[in-house]
Each structure stands twice: as structure tokens, then as C-alpha cells.
Amino acid sequence: MRPVPTILHLDMDAFYASAEQASKPSLRGKPVVVGGLGPRGVVATASYEARVFGVHSAMSTAQARRLCPHAAYLTPRFSLYRQVSEAVMELLRELSPLVEPLSLDEAFVDLEAGAEPPATAASARETGGRLRAAIRARTSLTGSVGLAGSKMLAKMASEQAKPDGLVVIEPGTERGLLAPMPVRVLPGVGPATAEQLRRAGIGTVEEMAGAGEAELVRLLGKAHGTSLYALATGRDDRPVVAERDSKSVSVEDTFDVDLHDRTRVYGEVVRLAGRCVSRLRDAGRSGRTVVLKVRRYDFSTLTRSETLRGPTDDPAVVREAAVRLLDGVDTTGGVRLLGVGVSGLADFTQEDLFAQAALEGADAPAARARPGSDGETEAGMRPDRTEGAAEEDAPAAGGPPPDGDAGGGARRWHPGHDVHHAEYGAGWVQGSGLGRVTVRFEQPWSVPGRVRTFPVDDPGLEPAPPPPLVRPAGGREPGRSTGPGARSVLSAQGPDPAIRPKPSRPGASSSPSGSSASSP
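Scoring rules and cut-offs
- Residues numbered from 1 in each chain as written.
- Predicted model: local features only at pLDDT ≥ 70, side-chain atom pairs only at ≥ 80, totals over all residues.
- Heavy atoms only, no water.
- Helix = DSSP H or I, 4+ residues; strand = E, 2+ residues; numbered from the N terminus.
- Buried < 20%, exposed > 50% of the residue type's maximum accessible area, 1.4 Å probe, protein only.
- Lys, Arg positive; Asp, Glu negative; His and termini not counted.
- Salt bridge = Lys/Arg side-chain N within 4 Å of Asp/Glu carboxyl O.
- Contact = heavy atoms within 4.5 Å.
- Phe/Tyr/Trp six-rings, centres within 6.5 Å; stacked < 30°, edge-to-face > 60°.
- Pairing = 2+ DSSP bridges.
- Axes fitted to C-alpha atoms, helices over the stretch in contact; angles between N-to-C directions.
- Right-handed = clockwise from strand over helix to strand, strands pointing away.
- Patch = residues over 30% accessible without salt bridge, like charges linked within 9 Å, V, L, I, M, F, W, Y side chains within 5 Å.
- Areas by Shrake-Rupley, 256 points an atom, 1.4 Å probe, with all protein chains shown as cover.
- Expected span 1.5 Å × (residues − 1).

Visitor: Please clarify how the side chain of aspartate 105 should be interpreted in this entry.
Guide: Inspection of the secondary structure puts aspartate 105 in the loop between β5 (99-103) and β6 (106-110). At 6.7 Å, lysine 162 is the nearest oppositely charged side chain to aspartate 105, a buried residue that forms no salt bridge. When near neighbours in sequence (up to four residues on either side) are disregarded, aspartate 105 contacts Leu10, Asp11, Met12 and Phe15.

Below is the structure:
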């Protein structure tokens, strides 16, 4: 165990919902729920105001609406969340090169590897305080910080600090802190392990440590028992790992209505394969094994895979492999969820010569045999669907149509997404349906704006990229230093606070056209 609490854990507070509240002045202090808005949608994040009513992540949106009908229900804007996350991770890397991101809003930092590692618990606390202030200045959002001598305890500290707090666990106090806690607080103790320990009369961490390593090994096996005994006695030597090698890349969609038409199922698999390859290429990787996931009407889930002769990032190769896998799956009765993934990742590609030869022919057999070419799938074969809360690839190429584009039908506008009107300026979609779209015109630094309603095909209304969460000062490019003498945000007296999201294709998350955000 380290003598100084130099492992820092940062967890942003209600990240997606807080970003939406920061972006929309009319929603501040009010319940906000971000997630899929369809009948099978899932809550990604709920603001603290919504949590008072029992709404939480991974809950079905339908249940959330019953618990908190007056909340604003918004579709995710992952392009904004990624931009804010990048700004936060940049601040963490100013503290140390050893930053281990766990998700867009959570990371470990090893302060010992930094240029000026804290020498005492007090200096570690000061570092955590400066970080929280810098995050607020750069993004206008809050994060909770935990500091301890190990990763397990640092994460516990950040949980105790929520929301918007800082907790330091000083060396020597670990066992006293852990003793009364239930065994489920320890990493690696799930429901099955907890039940096994309960039957042995072990319910707290103190009881686990008192049982001894030999008893835990007898109950749980050598590897599991040994590691849990170490954690129960406050010993956690897991290092902060700056880079973790991804094992796979995948995308999946859950549909509002079960798909029965085999042609539409093929079209969705083709579309998902395109999105999967787009993510694969964005990561600079290739893969050798294509995986198809099908969840049927009765919730039974089938997984099929095909291993290619070499790694590839060719969309045609992945698409045709996914289609071949679907050929062997019985979809009678309906399909609730489809997913396509690639595993066996590598940094190089080896072209599939057979697929390449097929592409060079006048007619590709797969395209001739089944509908679902890129144009047809994107335009005419897309049922309404709801993406899972954990899916953070909604903006990927080949996803649902952007705001203002319904693939040849009526224009669709997704609640929460940004727009610009030729006469009224910047705003966001509050709701849409019955041929109308309601827009609230406000920006992050403005007062709550007025609401106006337009026909969905109003020529003056266009999708727009998310605005910066903090108003740029002095016309400078947000987030960029002005010269070689510019100082770090963590040490400067006057940091440039703005985080300006890069322009991106808005509206990539799917929701039924009749859904809306509740009026604030």
C-alpha cells in the first residue's frame, strides 16, 4: 500500500444529463433523463433531480416515465459527450501520463507518475481540488474525486464524494473504513459470490478478513479466494494502465417493434456491419472474426461467428460474412435485437481475395440475392428502433438518419438535438410529432429561451452542431493556447474555459418521431 494517497479516481456527476442541463438553461435544476425514447428504450443517465423520483440508469424509459412523467426526456448527443470527455481527459493527462479511462466520464490517474507527485495527503487533496476547479472552468460540469493508496479505495472515495465532492482516504485508515461494509463493495464479489459467502456466515468485509485466506480459498478457489482476501485486508496492488487493448468492436440495435420481414432483417444486418467497420477504422484496427448476435421475440439470444483467413477492415468482407451468418439463423417469430461485431483485432489487414474478386464482378451475389445495399438500407428499409443505453456509437456512419432527414419521408427531429433557424437562430428540439416540431431558442450562456413551433419541413430550420458549453472569451479558439507562453489550465490563473464540440453529423441517435422532451 502506498504511503501517500496518489491514486486518483474521477467520476463525472450524472454526466450525460449534466451536459444537457449545461447546454440548455431552461432545464437547469429540473429532472432530465437521457436515453432511448422508444417503447423499448433504456435510461442512459438521469439527473439528480430525476433520481429523487427513483429514476436510474439501465431502467426502462417506460418505467422512468411512470415514475417521473414531468421530466425532460432527451435522445443522447454522443458527439458532445465525447468532446467534453476529451477535454476532461486532457486535464487529467496534465497531472500524469498514467491515465486509465474506464468510460467517457470516469478514469483513474496515478499521480506518482506526474511531474510533481504529491508528497503528503494534504498536497494530494490540493491537487484534487485544483482538478475539480479546472474541470468546472473548462466544461461548466462537476466531477467527484477520490484519492487513496489503491484503485479500489480511490473508487470508493469518489463514490462517497458524490455529487461534486472530494474525499481522501489516508494511509493507515483503510481497514477501519472497509470493516463494516458489505462484501459486495469489493471488486469481484457479485451476487453469486456474495450468496456463497452469506451461506458461510460472511456478510461484511471485516468478517471476510477474519475468516482468513485459507477459508476463502476453500470456499471460492485459490485464485478468487486469494485475491479477495487481499482486497478485504486493504491490499490492492493493481496498477493504473494507461492503454488497454480492445478485444472487439461491436454495435447493436434494439427495435421498437419485432422485425418479421426477413428482407428488413437482412437490411439491418448490412447497416450494422457498415457501422461496425466505421468504428473499426476509426480505431485504426482490423479484425479476423465476424460475430452476429440475434435476440428473438422470446428473448432467446443466438450468437454466431465466422473466422476469416486474415484480419480485415473491408466493409464488403464484414457485411458478406454477417449475411452468411444470418443465413443460418431462424428468425421466424420476430427479431428483437441485432448486433454485428468484429474480434481478433490487429493493426494490419489482409484482404479477402474471394470477396474482392466478387466485388470486381459486374454483380455482387449478395447484393443481387437480397435487398440491403447501402442506399436501399439507409433510405427505405429502416424501422423505428431504440438504441441501448450503453451504446455510444450512435453517431457512427451508417446509423439512423440525421435530424431533418427521414430518408425520403417526412423530416424527423429528435428531442434534445441542436438546430438553427434562419430567422430565430440557435436552439434545440423540444418535441416533434403530427407534422410539427417545437424548438426552444437558447444557448448555454443565455437566459432560458422562448419556444416556437414550426412545420417539420420548414425550410428555415436546419440541424446544427452542439454549441460550446462555456462561452468562448475574446474570440480565441476554445481549448487552444495562444502561444508558447500559455500555461496549463491546472496552474494558470485565467484558463480558457470553453469546450467547443467539433462539427459533426447531428441527430444520429434514433427515436420515434412522435416522442418529445417534456416542457420545462
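Visitor: Is there a simple way to explain the packing of aromatic side chains in this structure?
Guide: Considering all chains together, one arrives at eight aromatic pairs under this definition. On the basis of an interplanar angle of 50° and a centroid distance of 5.9 Å, the ring pair of tyrosine 424 and phenylalanine 454 is categorised as tilted. Note that tyrosine 424 is positioned in the loop between β14 (418-421) and β15 (425-433) and phenylalanine 454 in strand β17 (residues 450-455), a separation of 30 residues in sequence. Phenylalanine 454 sits in the buried class, given a relative accessible area of 6%. With 6.0 Å between their ring centres and 90° between their planes, phenylalanine 441 and phenylalanine 454 make a pair best called edge-to-face.

Visitor: Hey, could you run me through unusual backbone geometry in this one?
Guide: Residues apart from glycine generally show negative phi values, whereas peptide bonds are mostly found in trans. With an omega of -10°, the peptide bond between lysine 162 and proline 163 qualifies as cis. As for its position among the elements, proline 163 is in the loop between α6 (151-161) and β8 (166-168). Of note in the backbone geometry, leucine 434 takes a positive phi value of approximately 55° without being a glycine. Turning to its location among the elements, leucine 434 is positioned in the loop between β15 and β16 (436-441). For leucine 434, a relative accessible area of 90% corresponds to the exposed category.

Visitor: So what exactly am I meant to see when it comes to the sheet that holds β8 here?
Guide: Strand pairing in a sheet is mediated by backbone hydrogen bonds. Such pairs are either parallel or antiparallel. If you trace the five strands from one edge of the open sheet to the other, you get β5-β6-β1-β7-β8, paired in mixed fashion. With one partner strand each, in any of the chains shown, β5 and β8 form the two edges of the open sheet. Strand-to-strand, the axes of this sheet are offset by a mean angle of 15°, without reference to chain direction. Inspection of the sheet shows β5 paired to β6 by four bridges, in the antiparallel sense. Bridged to glutamate 100 within β6 is phenylalanine 108. Docked against the sheet, helix α5 (residues 121-139) engages β1 (7-12), β7 (143-148) and β8, running at close to 165° with respect to β7. Sitting on the sheet, α6 is in contact with β1, β5, β6, β7 and β8, with an inclination near 140° to β7.

Visitor: When you look at the sheet that holds strand β2 (residues 32-35) in this model, what are you seeing that I'm missing?
Guide: An order of β3-β2-β4 is seen for the three strands of this open sheet, with the pairing classed as mixed. The open sheet has two free edges, formed respectively by β3 (43-46) and β4 (72-74), since each of these has just one partner strand. Along the sheet, successive strands turn relative to each other by an average axial angle of 25°, direction set aside. When β2 meets β3, the two strands line up antiparallel, connected through three bridges. Bridged to valine 34 within β3 is threonine 45.

Visitor: I'm lost on helix α11 (residues 222-232) in this one. Help?
Guide: Residue pairs spaced three or four apart in an α-helix point in one direction, given the helix's 3.6 residues per turn. Turning to α11, its buried residues number three or more, namely Gly225, Leu228, Tyr229, Ala230, Leu231 and Ala232. Elements in contact with the buried residues of α11: α6, α7 (174-178), α8 (191-199), α9 (205-211) and α10 (213-220). Glycine 234 sits one or two residues past α11 and shows a positive phi near 85°.

Visitor: Whenever I open this one, the pairing of β7 confuses me. Can you help?
Guide: Successive side chains on a regular strand alternate, one facing one side of the sheet and the next facing the other. Taking burial as the measure, the six residues of β7 include six buried ones, the bulk of the element. Two strands pair when backbone bridges link them, and β7 and β8 are joined in this way by three bridges, in the parallel orientation. By the bridge assignment, valine 145 is partnered in β8 with leucine 166. Since β7 and β8 lie parallel, the crossover through α6 that links them has a hand, and here it is left-handed.

Visitor: Can you help me understand the pattern of salt bridges in this one?
Guide: Oppositely charged side chains may form a pair once their charged atoms are brought near each other. Here the structure, examined in full by the defined rule, presents 23 salt bridges. Arginine 218 is the salt-bridge partner of glutamate 215, the closest N and O atoms lying 2.7 Å from each other. Highlighted residues: glutamate 215 and arginine 218, both in helix α10, separated by three residues, approximately one helical turn. A relative accessible area of 26% means that glutamate 215 is categorised as partly exposed.

Visitor: Where do I start with a nonpolar patch on the surface in this structure?
Guide: On the surface, a nonpolar cluster with roughly 280 Å² of combined accessible area is contributed by Val52, Phe53 and Leu67. Checked against the element boundaries, phenylalanine 53 lands in the loop between α2 (48-51) and α3 (61-67).

Visitor: Help me understand helix α4 (residues 78-95) in this model?
Guide: Look at α4: 26 Å from first C-alpha to last across 18 residues, which is about the 26 Å you get at 1.5 Å a residue. The element α4 is extensively covered by neighbouring structure, given that 13 of its 18 residues are classed as buried.

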